[in-house]
Amino acid sequence: MAYAYLFKYIIIGDTGVGKSCLLLQFTDKRFQPVHDLTIGVEFGARMITIDGKQIKLQIWDTAGQESFRSITRSYYRGAAGALLVYDITRRDTFNHLTTWLEDARQHSNSNMVIMLIGNKSDLESRREVKKEEGEAFAREHGLIFMETSAKTASNVEEAFINTAKEIYEKIQEGVFDINNEANGIKIGPQHAATNSTMGGSQGGQQAGGGCC
Amino acid sequence: MDFLRGVMGSKPAGPQPTGAETIQKLCDRVASSTLLEDRRDAVRALKSLSKKYRLEVGTMSMDHLVRILQTDRSDTEILGYALDTLYNIVCNDEEEEQDDSEEENQQKQEDDLGAQFTDKFIQEPENITLLLTLLEEFDFHVRWPGVKLLTALLKSQCAQVQGIVLVSPMGVSRLMDLLADSREVIRNDGLLLLQQLTKGNAAIQKIVAFENAFERLLDIITEEGSSDGGIVVEDCLLLLLNLLKNNSSNQNFFKEGSYIQKMKPWFEVGDDNSGWSAQKVTNLHLMLQLVRVLVSPVNSPGATASCQKAMFQCGLLQQLCTILMATGVPADILTETINTVSEVIRGSEVNQDYFASVNAPSNPPRPAIVVLLMSMVNERQPFVLRCAVLYCFQCFLYKNQKGQGEIVATLLPSTIDANSISAGQLLCGGLFSADSLSNWCAAVALAHALQDNLTQKEQLLRVQLATSLGKPPVSLLQQCTNILSQGDKLNRRGSRVQTKVGLLMLLCTWISNCPIAVMHFLHNQDNVPFLTGQISENLGEDERLVQGLCALLLGICIYYNDNSLENYTKEKLKQLIEKRIGKENFVEKLAFITKHELYSRAAQKPQPAFSTPEHMLFDHEFTKLVKELEGMITKAVLRSSEEEKKEEEVKKTLEQHDSIVTQYKELIREQDSQINELKKQVTALTSQTENLESTITQQLSQIQQHKDQYNILKLKLGKDTQQAGNQAEAAHVNGLQPEELSQLRERLEEVQRQNQLLQTQLTEKDSLITSLKAEGVPSVEDSTSEVTELRKEVEGLKAQLQSQTAEITQLQNERQELLRGSEPTVAVPAEESVYKEKIAELESRLSAQTTENQKLKGEVKTLLESKESMEKDLASATSTSAILQAEKNKLQQEVQESKKEQDDLLMLLADQDQKILNLKQRLKDLGEPIEDEDELDSRDQFEDDDEEEEEEECDE
Ligand SMILES: Nc1nc2c(ncn2[C@@H]2O[C@H](COP(=O)(O)OP(=O)(O)OP(=O)(O)O)[C@@H](O)[C@H]2O)c(=O)[nH]1
Ligand SMILES: [Mg+2]
């Protein structure tokens, strides 16, 4: 499939917070109830549409276990977006965010968009971290924030897509150097062509809106 | 320099220093010399000695060399020498000729040496990190030997070095930069380094892929001319294989990155026959392997399916089929292409359909399947090619009921096409040819046309073969057993066992799970005795597999027996086994199949791959069948008939139980749905209740609020009426001060508003009054004049009345007189009649006047009445005006009052302002910075609560 842009993402956060489940829900629309410890990293991909443009997301789901930390660090530099995940039912995973963030900031390119995710929002009765706390952390560190459930799929699409929107906006603003693939962004093979047709169809839509 | 000449040059006089001594001296110089040049010379000398005196240089100089790498970072020349030297002592693959003819295990010792020095070097993991840093140095003299050294270290201690690289920050990423080096030597050696680095390490493979390796490698391959390219292409392909083999994550990434599409042009080799160089064959071979890695049967079915789909969609499969049918393609490329096509179509309906439609460019055009099968049953074709064709045929039929039907149909009388060679004909030909390999391949191929397909198993029973002229045709099934039973008379090129095994596998597949076929098989009286004979005989080692398979076949006859043949019911067959073979013996023979050394190898993967033609014994699908049936048959045979009966009964009761259970299950399901319904209701009701509760709570809180307000108001009211000075109360009320102020402001505003309203009302009323007055005055005057008029009229009427009354009195008097005068004049009748007339006239005049008088009286009365009502009207109008006047007065008074109130409030505000100013002044005087006015204001109010309170109270 032809795409206008390709974004590379990483998913990071403590073990068991639901990183692999989020990816699986996003790519396969499935939920995996048993914890299948990720060894190293696993790859997943999906196409999304933003602003009428096809965008390919290539996602590397990393292992949260401490012993894999040195391996997973290799993935920070080449990523355009990161989903930093904690588990709202386990405060320790929230407490570790600072460490994760420091690590990410140190090893990634400075423009990497980070989305903070409080996962397992379906387990309201076992909640240990208030939504407000997540919001406050995100505000303090300049991140986008969302609560998700990989189980019910609530906000999962949004989490991945909103991150892409942020990256897309940064591209429009000229913040990203899109010609340097090390930033985790690639322009699609038929980008120019796609662009012009997109412009046309948008114009058409406007005309349609006018006559209705 | 002198001593160097001593070491290397021709023999000078005097005692020769040993190699070790020289190296020691050089090491000392490397360690202690303060002159860079001196150190550099010494390292260079070590380098030149490092091959001949590998052990000595390695043992003595490694630490010194590492130190040079650490400290002399600015001099690329010395770094280069040091790296070269380290490379020489670590590296094993010494291409050079060994001096003299030394012992055979020389190479082995060399290997040990390399491993030993590598161990020593990586004992300090820092050394690897150091090396990785040096690779960032662009200078050729550093980078190149650096690459070679790291490659050598990886070669000799792969896992450990990989481990260290993996944990050094950005280690792998840095090595990826080598592929971008413009100097070919470095790029090419970088490829070799990455090959070693990625060997068997999934984590590194993934990072390398993440660093865009696929893109770069595919670009290099294209730049270098794809399959026509040189060894660089080969190295790229090897690295790609490393990255993809057994790495599902990378395979997925490769597919998602649309790289499969980029592989398609690799196979556009066409018919131009520009020659097949050895390099090209190697390259193409690797390219085919890459395709196979992506669609391997060992991958997850989903992953393979999506790659297969992509390969069809981008035309890669079509391209491969072109190679398949092209001429002049080297045999091993052709073989590998067939294997590749096999796996690209295996289990994929679309791809299988496409493959069935491919025709060979022969005259007349034949289906590719037929052409391939011709090779399979052709003894002159290479063994591997024949195996590949079999694999291709198996993959074509794998999970392909339609394809199976088409193949079987070519053998059926109704659909047979006599004019052209068909797949079925070729298979039958192979089955009964004199070549055991053809027999085996054809039998297995036919078995695959029946795999998991009951319809085709039954259809194939219809096939009749014409044997020799004059004799009646014989069924295919029977022909197979006939050949089997020919035993030693069987004349075959190759191995008799191979033929038998092939046929037995076909028969087992055919009749398993198909009672009709079992019946057909048992129907021939010779078959069972043949099987029991084979199993019970004491045969040689190589026939034991045949015995096992015969036992399996007999077992299937029992297991899938529907007892429709009286002589060969389950029970009778079991008795036969017990009598002729013995149960234990039978089971033992059966078990031999899985114990065969080739069995487990075939069970591993679907591809028929055998090291020699003799090893061609087991088919992969057949091993699955054995696994499935062995246990069941063993059980069936070992069980006694009583046990069987009991079991049957148990089965029956179980079935009964089952039906009961099913009933209960149904009931439970019903109840479950009821419960669910009820639960839903409960939820709905609960949420309703919750809603109601929350409404109540809301209302309660509203009520509370109202109460509070009420209390505050009451409090205020109380405060208003009370005398000031109650401390507690004052404090309490102070708390409300700011609130009250705003309330006051509000009230002020309200009063002003009221004021305004009243004024407008007043104006309205004023004007109303004026208008009323204007209206009212003339009306009164009007009525008065009317009254006067009426009075006058009344007066007139009265006068008239009086005059008439007087007239009447006069007339009465006259009449009296007349009456008195007439009495004496009675006698005068004429005169009397005149009088009488005159009286009558008078009397009528009188009565007329009386009625007129009456009428006038009524008129007066009505006039009086109307006058009265007018007077009333007048009175009410006057009183209205009076009321209005009073109201106006009252309103004016009110306005006056509110004005006064307003004035008071204004005064209060002015007071406060003054106070604020004072306080500000005071603060200023005290040197306190004055903040925002509002803030200060409010604070001020708080501070002055008490005073203000009092003032306010006075005001109110
Ligand atoms: N209830 C609930 N469970 C979840 C959710 N997401 C994940 N889980 C469960 O949490 C466990 C861990 O999920 P994973 O996705 O494997 O965790 P991970 O973050 O990938 O862990 P590592 O691979 O070790 O880093 C699994 O048992 C999931 O079923 C969620 O949104 N809701
Ligand atoms: Mg995981």
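- Looking at an unreviewed UniProt entry, one finds chain B named General vesicular transport factor p115 and attributed to Danio rerio.
- The Function (unreviewed entry) comment attached to chain B in UniProt states, word for word, "General vesicular transport factor required for intercisternal transport in the Golgi stack; it is required for transcytotic fusion and/or subsequent binding of the vesicles to the target membrane. May well act as a vesicular anchor by interacting with the target membrane and holding the vesicular and target membranes in proximity."
- According to UniProt, the comment filed for chain B under the heading Sequence similarities (unreviewed entry) is "Belongs to the VDP/USO1/EDE1 family."

- Under an unreviewed UniProt entry, the name given to chain A is RAB2A, member RAS oncogene family, and the source organism is Danio rerio.
- What UniProt records for chain A under Sequence similarities (unreviewed entry) is the sentence "Belongs to the small GTPase superfamily. Rab family."

1. Digging into the overall build of chain A
At step 1: If you tally the helices and strands in chain A, you get seven helices and seven strands.
At step 2: Counting over 212 residues, chain A shows a buried share of 51%.

2. Considering the overall build of chain B
At step 1: For chain B, the helix and strand inventory stands at 42 helices and four strands.
At step 2: Here chain B, with 956 residues, has 43% of them falling under the buried criterion.
At step 3: Residue pairs in contact within chain B that sit at least 24 positions apart in sequence constitute 71% of those at least 6 positions apart.
At step 4: Surface accessibility of chain B: about 51,700 Å² in total, with carbon and sulfur atoms responsible for 52%.

3. A look at the coordination of the magnesium ion (ligand 2)
Residue and element names in this part refer to chain A.
At step 1: All of the protein donors around the magnesium ion (ligand 2) are S20 (OG) and T38 (OG1); their distances to the metal are 1.9 to 2.0 Å. Here the residue S20 occupies a position in helix α1 (residues 19-28), and T38 occupies one in the loop between α1 and β2 (41-50), the gap between them amounting to 18 residues.
At step 2: Residue classification places T38 among the buried positions, given a relative accessible area of 11%.

4. Section: the packing of helix α29 (residues 496-511) of chain B against helix α30 (residues 515-523) of chain B
All names here are of chain B.
At step 1: Contact pair α29 / α30: the axes reach a minimum separation of 7 Å and the direction vectors enclose 130°. If you check the angle between α29 and α30, you find them oblique. Residues L507, W510 and I511 of α29 touch α30, and the partners they reach there are A517, V518 and F521.
At step 2: Among the residues forming the contact of α29 with α30, the class breakdown is six nonpolar, no polar and no charged.

5. Things to note about a negative patch on the surface
At step 1: Residues B:E648, B:E649, B:E655 and B:D658 make up a contiguous surface patch of negative charge.
At step 2: Looking at the secondary structure, you find B:E655 in helix α37 (residues 641-721).

6. Quick notes on the interface of chain B and chain A
At step 1: At the interface, 18 residues of chain B touch 20 residues of chain A.
At step 2: Where chain B abuts chain A, roughly 1,800 Å² becomes buried across the two surfaces, and 50% of that area is made up of carbon and sulfur atoms.
At step 3: Taken as a group, B:M170, B:F210 and B:E256 account for 35% of the area that chain B buries against chain A, more than any other trio of residues on that side.
At step 4: Our enumeration of links across chain B and chain A arrives at four salt bridges.
At step 5: A salt bridge links B:E256 to A:K56; the nearest nitrogen and oxygen atoms lie 3.0 Å apart.
At step 6: Our count for the chain B to chain A interface comes out at nine residue pairs in polar contact (both at pLDDT 80 or more).
At step 7: The class makeup of the residues in the side of chain B that touches chain A is eight nonpolar, six polar and four charged.

7. Examining a nonpolar patch on the surface
At step 1: A cluster of nonpolar side chains, namely B:I660, B:Y664, B:L667 and B:I668, defines an oily patch on the protein surface of about 400 Å² accessible area.
At step 2: Counting through the fold element by element, B:I668 comes out in helix α37.

8. A look at the site of ligand 1
All names here are of chain A.
At step 1: Near ligand 1, the surroundings consist of 25 residues, among which T15, K19, T38, G64 and A150 are the closest.
At step 2: Interatomic distance of 2.9 Å between a backbone N/O atom of C21 and an oxygen atom of ligand 1.
At step 3: A distance of 2.7 Å is found between an oxygen atom of ligand 1 and a side-chain nitrogen or oxygen belonging to T38.
At step 4: In terms of residues, the shell around ligand 1 owes the most to one element, α1, which gives three residues.
At step 5: Classifying every residue of the shell around ligand 1 by side-chain character gives nine nonpolar, 10 polar and six charged.

9. Digging into helix α15 (residues 248-256) of chain B
At step 1: Considered for burial, the residues of α15(B) that qualify are B:S249, B:N250, B:Q251, B:F253, B:F254 and B:E256.
At step 2: In the segment just after α15(B), B:S258 is the residue with positive phi, at about 60°.

10. Side note on the state of the cysteines
At step 1: Within the structure shown, the criterion is met by zero disulfides over all chains.
At step 2: Lacking any disulfide linkage, B:C392 is separated from the closest cysteine sulfur, that of B:C395, by 6.8 Å.

11. A closer look at the pairing of β2(A)
All names here are of chain A.
At step 1: Of all 10 residues that make up β2, seven are buried, and the element is covered over most of its length.
At step 2: Strand direction decides the pairing type here: β2 and strand β3 (residues 53-62), joined by 10 bridges, are antiparallel. Paired with V41 across the bridge in β3 is T62.
At step 3: As consecutive antiparallel partners, β2 and β3 are separated by two residues, and within that stretch D51 has a phi angle of approximately 55°, a positive value.

12. A short note on the confidence of the model for chain A
At step 1: Per-chain confidence: chain A averages 88 in pLDDT, with 89% of residues scoring 70 or above.
At step 2: Contacts of residues 192-212 of chain A to residues separated by more than four positions or lying in other chains number four contacts, the stretch itself having pLDDT below 50.

13. Some remarks on the pattern of salt bridges
A side chain of one charge can pair with a side chain of the opposite charge when the charged atoms of the two come close.
All names here are of chain A.
At step 1: Scanning the model with the defined rule gives 37 salt bridges over all chains in all.
At step 2: Among the ionic pairs, E66 bridges to R69, the shortest N-O distance being 3.2 Å.
At step 3: In this structure, R91 and E133 form a salt bridge, with 2.9 Å as the shortest nitrogen-oxygen distance. Separated by 42 residues along the polypeptide, R91 in helix α3 (residues 91-95) and E133 in helix α5 (residues 131-141) bring together distant segments of the chain.
At step 4: Relative accessible area serves as the criterion here: at 23%, E133 is assigned to the partly exposed category.
At step 5: Overlapping salt bridges bring together D87, R90, D92 and K120 as one network.

14. Description of unusual backbone geometry
Peptide bonds are, in most cases, trans, and in most cases residues other than glycine have a negative phi.
At step 1: Put simply, B:N363 and B:P364 share a cis peptide bond, and its omega is -5°.
At step 2: Relative to the helices and strands, B:P364 is located in the loop between β1 (359-360) and β2 (366-367).
At step 3: Of note, A:K29 is a non-glycine position whose phi angle comes to about 55°, a positive value.
At step 4: Inspection of the secondary structure puts A:K29 in the loop between α1 and β2.
At step 5: Its identity as a non-glycine residue notwithstanding, B:K399 has a phi of 55°, on the positive side.
At step 6: Positionally, B:K399 belongs in the loop between α23 (383-397) and α24 (401-409).

15. Comments concerning the packing of aromatic side chains
At step 1: Evaluation of the coordinates by the stated rule reveals 22 aromatic pairs over all chains.
At step 2: Between the aromatic rings of A:Y5 and A:Y168, the centroid separation amounts to 6.1 Å while the plane-to-plane angle is 80°, which identifies the pairing as edge-to-face. Separated by 163 residues along the polypeptide, A:Y5 in strand β1 (residues 5-12) and A:Y168 in helix α6 (residues 156-172) bring together distant segments of the chain.
At step 3: Through a chain of ring-to-ring contacts, three or more aromatic side chains come together here, namely A:F43, A:W60, A:Y75, B:F210, B:F214, B:F253, B:F254 and B:Y259.
At step 4: In this structure, A:K8 is placed above the aromatic ring of B:F210, and the distance from its NZ or CZ to the ring centre is 4.7 Å.
At step 5: Directly above the ring of B:Y398 sits B:R346, whose terminal nitrogen or CZ lies 3.7 Å from the centroid.

16. Brief notes about the environment of A:Q54
Residues and elements named next belong to chain A.
At step 1: Among the structural elements, Q54 can be located in strand β3.
At step 2: Q54 gets classed as partly exposed once you look at its relative accessible area, which sits at 24%.
At step 3: Separated by 134 residues in the primary sequence, Q54 and G188 place their C-alpha atoms 9.2 Å from one another.
At step 4: Reaching out from Q54, the side chain makes a polar contact with the side chain of T49 at a distance of 3.1 Å.

The rules behind these values
Residues numbered from 1 in each chain as written. Chains lettered and ligands numbered in written order. Predicted model: local features only at pLDDT ≥ 70, side-chain atom pairs only at ≥ 80, totals over all residues. Heavy atoms only, no water. UniProt positions renumbered as here; feature names shortened; annotations may be inferred. Helix = DSSP H or I, 4+ residues; strand = E, 2+ residues; numbered from the N terminus. Buried < 20%, exposed > 50% of the residue type's maximum accessible area, 1.4 Å probe, protein only. Contact = heavy atoms within 4.5 Å. Areas by Shrake-Rupley, 256 points an atom, 1.4 Å probe, with all protein chains shown as cover. Donors = N, O, S within 2.8 Å, 3.2 Å for Na, K, Ca; no water. Axes fitted to C-alpha atoms, helices over the stretch in contact; angles between N-to-C directions. Parallel < 35°, antiparallel > 145°, perpendicular 65-115°, else oblique. Nonpolar A, V, L, I, M, F, W, Y, C, P; charged D, E, K, R; others polar. Patch = residues over 30% accessible without salt bridge, like charges linked within 9 Å, V, L, I, M, F, W, Y side chains within 5 Å. Salt bridge = Lys/Arg side-chain N within 4 Å of Asp/Glu carboxyl O. Lys, Arg positive; Asp, Glu negative; His and termini not counted. Charge placed at Lys NZ, Arg CZ, Asp CG, Glu CD. Buried area = accessible area lost by both parts, 1.4 Å probe. Polar contact = N/O pair within 3.5 Å; in protein donor to acceptor, adjacent residues only side chain to side chain. Near = heavy atom within 4 Å. Disulfide = S-S within 2.5 Å. Pairing = 2+ DSSP bridges. pLDDT = per-residue confidence, 0-100. Phe/Tyr/Trp six-rings, centres within 6.5 Å; stacked < 30°, edge-to-face > 60°. Lys NZ or Arg CZ within 6 Å of the ring centre and 35° of its normal.

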